[in-house]
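Chain residues, written in single-letter form:
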Amino acid sequence: PTANCGIPWLANLGLVLLVFTRFLQGLSAGGEIATVTTYLTEVAPKKVLSRGVALVNVTAAAGFLAAKLIAYMMEATLGPAGVQAWGWRIPFIL
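Residues numbered from 1 in each chain as written. Predicted model: local features only at pLDDT ≥ 70, side-chain atom pairs only at ≥ 80, totals over all residues. Heavy atoms only, no water.

Draft legend 1. Spatial organisation of the overall build of the protein. Regarding its fold elements, the protein presents three helices and zero strands. Taken across its 94 residues, the protein has 12% of its residues classed as buried. Excluding contacts between residues fewer than 6 apart, the proportion of contacts in the protein whose partners are at least 24 apart in sequence is 27%. For the protein, the exposed area adds up to about 7,500 Å²; of that, 73% sits on carbon and sulfur atoms. (Helix = DSSP H or I, 4+ residues; strand = E, 2+ residues; numbered from the N terminus. Buried < 20%, exposed > 50% of the residue type's maximum accessible area, 1.4 Å probe, protein only. Contact = heavy atoms within 4.5 Å. Areas by Shrake-Rupley, 256 points an atom, 1.4 Å probe, with all protein chains shown as cover.)

Draft legend 2. Here's a closer look at a nonpolar patch on the surface. Among the surface-exposed residues, F20, F23, L24 and L27 lie close enough to one another that they form a single nonpolar patch of about 420 Å² accessible area. With respect to the element layout, F23 can be found in helix α1 (residues 8-43). Judged by relative accessible area, F23 falls into the exposed class, the value being 52%. (Patch = residues over 30% accessible without salt bridge, like charges linked within 9 Å, V, L, I, M, F, W, Y side chains within 5 Å. Salt bridge = Lys/Arg side-chain N within 4 Å of Asp/Glu carboxyl O.)

Draft legend 3. Quick look at the side chain of T37. Tracing the sequence through the fold places T37 in helix α1. Judged by relative accessible area, T37 falls into the buried class, the value being 18%. Excluding residues within four positions of it along the chain, T37 makes contact with V53 and V56.

Draft legend 4. A look at helix α2 (residues 49-85). When the terminal C-alpha atoms of α2 are compared, their 47 Å separation across 37 residues is substantially less than the 54 Å that a helix rising 1.5 Å per residue should span. Within α2, the axis deviates most sharply at G79, by approximately 105°, and proline P80 lies no more than four positions further along. Among all positions of α2, only G52, V53, V56, A60, M74, G79, G82 and V83 are buried. (Expected span 1.5 Å × (residues − 1). Bend = angle between axes of the 7 residues up to and from the residue.)

Draft legend 5. Highlighting the confidence of the model for the protein. The share of residues in the protein with pLDDT of 70 or more is 89%, and the mean pLDDT across the chain is 83. Within the protein, helix α3 (residues 90-93) has the poorest average pLDDT of any element, 80, and α2 the best, 89. (pLDDT = per-residue confidence, 0-100.)

Draft legend 6. Representation of the environment of W88. Considering the arrangement of structural elements, one finds W88 in the loop between α2 and α3. Residue classification places W88 among the partly exposed positions, given a relative accessible area of 38%. Linking W88 and M74, residues 14 residues apart in sequence, is a C-alpha distance of 8.6 Å. Contact partners of W88, with chain neighbours within four places excluded, come to L18, M74 and V83.

The structure is reproduced here in C-alpha cells:
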C-alpha cells in the first residue's frame, strides 16, 4: 500500500531497483570471498596461513547465519502478515 504513494509506475520502479541492487550485492559478496581467500594465501605468513583462510570462510558463514536468524526472528515476532506489510524494511536498516 505504501509502495506507490499514489503513482502506480513508481511501485514497479522501486521493486526493480530493489531486486537489481540486491543482485549486485550478491555478486560482490560472492566475488569478494574468493578474492580475499586468494589474497591471503599469497601474502599471509606460513605460520598463520591456515587460520587466516579458515577465518574468511567461518566469518562468511557466520554472516549468512546471522541474516537467516534475523529473518526467522522477524517472522516469529511479527508474523507473516506483519513482515509482508511493513516488516520487510527492517533488515535493510540492520
